[in-house]
Amino acid sequence: MTKLSPTRFTISTEFEVYKSASDLEQQDLELLQAAQKAVDSAYAPYSHFYVGAAALLENGKIVLGNNQENAAYPSGLCAERVAIFHAGAIYPDIAIKAIAVTCKSKSNIINVPLSPCGGCRQTISEYENRYGQKIRIIMGGETGEVYVSESIENLLPLMFNAKYLPAKD
Ligand code: THU
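Residues numbered from 1 in each chain as written. Predicted model: local features only at pLDDT ≥ 70, side-chain atom pairs only at ≥ 80, totals over all residues. Heavy atoms only, no water.

A. Structural detail: helix 3 (residues 118-131). Here helix 3 is 14 residues long and its end C-alpha atoms lie 20 Å apart, about the 20 Å a rise of 1.5 Å per residue gives. Where helix 3 is concerned, the buried positions are Cys120, Arg121, Thr123, Ile124, Ser125, Tyr127, Glu128 and Tyr131. Buried positions along helix 3 lie against helix 2 (79-90), strand 4 (96-105) and strand 5 (136-139). (Helix = DSSP H or I, 4+ residues; strand = E, 2+ residues; numbered from the N terminus. Expected span 1.5 Å × (residues − 1). Buried < 20%, exposed > 50% of the residue type's maximum accessible area, 1.4 Å probe, protein only. Contact = heavy atoms within 4.5 Å.)

B. Structural view of unusual backbone geometry. Although it is not a glycine, His48 sits at a positive phi angle of roughly 55°. Mapping His48 onto the fold places it in the loop between helix 1 (26-39) and strand 2 (49-57). We classify His48 as partly exposed; its relative accessible area is 29%. Despite not being glycine, Leu158 shows a phi value in the positive range, around 60°. Take Leu158: it is sitting in the segment after strand 6 (146-149).

C. Representation of the pairing of strand 4. Of all ten residues that make up strand 4, eight are buried, and the element is covered over most of its length. Of the strand pairs in this sheet, strand 2 and strand 4 are connected by nine bridges, and their pairing is antiparallel. Bridging across to strand 4, Ala54 finds its partner in Ala100. In terms of strand pairing, strand 4 meets strand 5 through four bridges, oriented parallel. In the sheet register, Ile99 faces strand 5, and the bridge partner there is Ile137. (Pairing = 2+ DSSP bridges.)

D. Molecular detail of the site of the ligand. Near the ligand the following residues occur: Ser47, Phe49, Val51, Asn67, Glu69, Cys78, Ala79, Glu80, Leu114, Pro116 and Cys117. Between Ala79 and the ligand, the recorded distance is 2.9 Å, taken from a backbone N or O atom to an oxygen atom. In this structure, Glu80 approaches the ligand through a side-chain N or O atom, which is 2.6 Å from an oxygen atom. Protein chains bury 75% of the 380 Å² of accessible surface belonging to the ligand in isolation. In this structure the site holding the ligand corresponds to the largest pocket. Only strand 2 and helix 2 provide two or more residues apiece to the shell around the ligand. Along the lines of polarity and charge, the residues of the shell around the ligand split into seven nonpolar, two polar and two charged. (Near = heavy atom within 4 Å. Polar contact = N/O pair within 3.5 Å; in protein donor to acceptor, adjacent residues only side chain to side chain. Areas by Shrake-Rupley, 256 points an atom, 1.4 Å probe, with all protein chains shown as cover. 1 Å grid on protein atoms, 1.4 Å probe; cavity = no way out; pocket = protein on both sides within 12 Å on 5 of 7 lines; lining within 4 Å. Sits in = over half its atoms within 2 Å of the grid points. Nonpolar A, V, L, I, M, F, W, Y, C, P; charged D, E, K, R; others polar.)

E. Fine view of the pairing of strand 5. Read as a crossover between parallel neighbours, the route from strand 4 over helix 3 to strand 5 is right-handed. As paired strands, strand 5 and strand 6 are joined by three bridges and run antiparallel to one another. Note on strand 6: the bridge partner recorded for Ile138 is Val148. Connecting the antiparallel pair strand 5 and strand 6 is a turn made up of six residues, with Gly144 showing a positive phi of about 90°. (Right-handed = clockwise from strand over helix to strand, strands pointing away.)

Have a look at this one:
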């Protein structure tokens, strides 16, 4: 049997790029500053890579998270998930509007935006689904450019989500 050649499709994603944090809109800047503060309480004695995250909720509250490491490495958790689960635990009925994330390293100055790991992207996508609204993502480094995405869709194309599963209860 002759095999058909594959067709292709392209997914394009889009980010806003700010030359520096000071160019951000006030609300984004304040959220990134909250994430910067959260970096200082990160528990990262193994990687010495300190990450802070701040989630802005629909009720105006800002909920913080930072990475929490463990001698048994996989038992640690990233800053973004600590912030999101923190928000989910204390405000279960309130949507998350935005999350900012940034980092600091002991060994070098991070001059590129922190890009959330795959597990954190999946978690952000779950919370977009959970509340049925997009989560704005503000990504900063210690210095340099800041990337902003209006939704996790730009960071996690072809995402797996609840639509693949049987109807929810
Ligand atoms: N980390 C985060 O907190 N967020 C990310 O998106 C990437 C990585 C943490 C996990 C670990 O504590 C350290 O950074 C080094 O990987």
